[in-house]
Amino acid sequence: NAGVTQTPKFQVLKTGQSMTLQCAQDMNHEYMSWYRQDPGMGLRLIHYSVGAGITDQGEVPNGYNVSRSTTEDFPLRLLSAAPSQTSVYFCASSYSTRTGGVSGANVLTFGAGSRLTVL
Amino acid sequence: KQEVTQIPAALSVPEGENLVLNCSFTDSAIYNLQWFRQDPGKGLTSLLLIQSSQREQTSGRLNASLDKSSGRSTLYIAASQPGDSATYLCAVEESSFGNEKLTFGTGTRLTIIP
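Note that the structure is a prediction, hence the values are computed from the model and not measured. Along each chain, residues carry numbers from 1 onward, in the same order as the chain's sequence is written. Lettering for chains starts from A, numbering for ligands starts from 1, and both go in the order in which the items are written. In keeping with the model being predicted, local features are shown solely for residues with a pLDDT of at least 70 and side-chain atom pairs are shown and tallied solely at 80 or more, while totals for entire chains, interfaces and linings include all residues. No hydrogens and no water enter the side-chain calculation; it runs on all heavy atoms of the structure.

### Notes on the overall build of chain B
Only DSSP runs of H or I with at least four residues qualify as helices, and only runs of E with at least two residues qualify as strands; both kinds are numbered from the N terminus onward. For chain B, the helix and strand inventory stands at zero helices and 11 strands. In sequence order, chain B lays out its α and β elements as β-β-β-β-β-β-β-β-β-β-β. Radius of gyration: C-alpha atoms only; globule rule: 2.2 Å multiplied by the number of residues to the exponent 0.38. For chain B, the C-alpha radius of gyration of 14 Å lies close to 13 Å, the compact-globule estimate for 114 residues. Its C-alpha atoms put chain B at 40 × 30 × 20 Å along the principal axes. The buried label applies to any residue whose accessible area, calculated with a 1.4 Å probe on protein chains only, is under 20% of its type's maximum; exposed applies above 50%, and partly exposed to all values in between. Burial status across chain B gives 44% buried among its 114 residues.

Set out below in structure tokens:
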């Protein structure tokens, strides 16, 4: 059982380049999300999905796109990278109460993170 | 807007001591509160989840309490060990629908001195 797998672990981009951070989970979780973690600011939600074909914006969605074509995968796309997107990115998943998950027990499982530097 | 604060930002204690980490939140209308552990260069690991109707949860040497009315939670670690060194984060969930309303604190970096 691999849990939540993120790739790549490290990436350096130049301003304006595009890339995709991959996230896959094998726990049949309906809910998946992307966070960014910056020093002194805590984790902030970028985008989330409560099931295949459904995505929505979090607190800081600008500059990022997501899609959810399968239950297992939730890629995060940066279309034109900016230095402000230098951060550590975490993917997380859980059962969702929207689709019958355990109410009040939405324990998140996190990936190991992807450190992105935009020059 | 919900704000979650963890003070102090860093804490060092000798091995074997009991310690308390603090978490405060501004809006008491929460659904649950979670404590996470983050090791350097790693993701977050969930330690304890307290539902809004509960007062505390225990797991081994860890005990988390919740006082919604005062907007506070504490994580008590008994008989600390060097392996407990990590950053501890708390997060509050504001929606019964899932984790899309999860607000994190900035964490307390704990160092246990052998």
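### Some details on the side chain of His47(A)
All names here are of chain A. Positionally, His47 belongs in strand β5 (residues 42-51). Taking the relative accessible area as the measure of exposure, His47 reaches 6% and is therefore buried. Here, two residues are considered to be in contact whenever any of their heavy atoms come within 4.5 Å of each other. Excluding anything up to four places from it in sequence, His47 contacts Ser33, Trp34, Asp56, Gln57, Gly58, Pro61, Tyr64, Asn65, Val66, Phe74 and Leu76.

### Some points on the state of the cysteines
One covalent bond between the sulfur atoms of two cysteine residues makes up a disulfide. Disulfides are defined as pairs of cysteine sulfur atoms found within 2.5 Å of each other. Throughout the structure, instances matching the rule amount to two disulfides over all chains. Here Cys23(A) pairs with Cys91(A) through a disulfide, and the sulfurs are 1.9 Å apart. Classification of the bridge connecting Cys23(A) and Cys91(A) rests on its S-S torsion, roughly -70°, and on that basis the disulfide is left-handed. Here Cys23(A) is found in strand β3 (residues 19-25), whereas its partner Cys91(A) is found in strand β9 (residues 87-94), with 68 residues between them in sequence. Each member of the pair Cys23(A) and Cys91(A) is classed as buried. The side chain of Cys23(B) participates in a disulfide bridge whose partner is Cys90(B); the two sulfur atoms lie 2.0 Å from each other. Handedness here is read from the sign of the S-S torsion; for Cys23(B) and Cys90(B), about 80°, the answer is right-handed.

### Let's talk about the pattern of salt bridges
Residue and element names in this part refer to chain B. By definition, a salt bridge exists where a carboxyl oxygen of Asp or Glu is found within 4 Å of a side-chain nitrogen of Lys or Arg. For the structure on display, the rule yields five salt bridges over all chains. Between Asp84 and Arg61 there is a salt bridge, with its nearest N and O atoms 2.8 Å apart. Taken together, the residues Asp84 in the loop between β8 (72-77) and β9 (86-93) and Arg61 in the loop between β6 (56-59) and β7 (62-67) connect sequence positions 23 residues apart. Take Asp84: its relative accessible area is 6%, and that puts it in the buried class.

### Side note on the packing of aromatic side chains
Think of it this way: a Phe, Tyr or Trp ring, Trp meaning its six-membered ring, pairs with another when their centres are within 6.5 Å, and the plane angle makes it stacked under 30 degrees, edge-to-face over 60, tilted otherwise. The full count for this structure, using the stated rule, is eight aromatic pairs over all chains. Considering the side-chain rings of Phe90(A) and Phe110(A), the 6.3 Å spacing of their centres and the 80° angle between planes classify their relative orientation as edge-to-face. A residue pair is termed long-range when its members are at least 10 positions apart, and Phe90(A) in strand β9 and Phe110(A) in strand β10 (residues 109-110) qualify at 20 residues. Its relative accessible area of 2% is what places Phe90(A) among the buried residues. You can call Phe110(A) buried: its relative accessible area is 8%. Members of the aromatic cluster, each reached through a chain of ring pairs, are Tyr35(A), Phe90(A), Phe110(A), Phe36(B) and Phe104(B). The aromatic ring of Phe74(A) is capped on one face by Arg68(A), whose charged end is 6.0 Å from the ring centroid. Comment: the charge-over-ring label is applied if NZ (Lys) or CZ (Arg) is within 6 Å of the ring centre and within 35 degrees of the ring normal.

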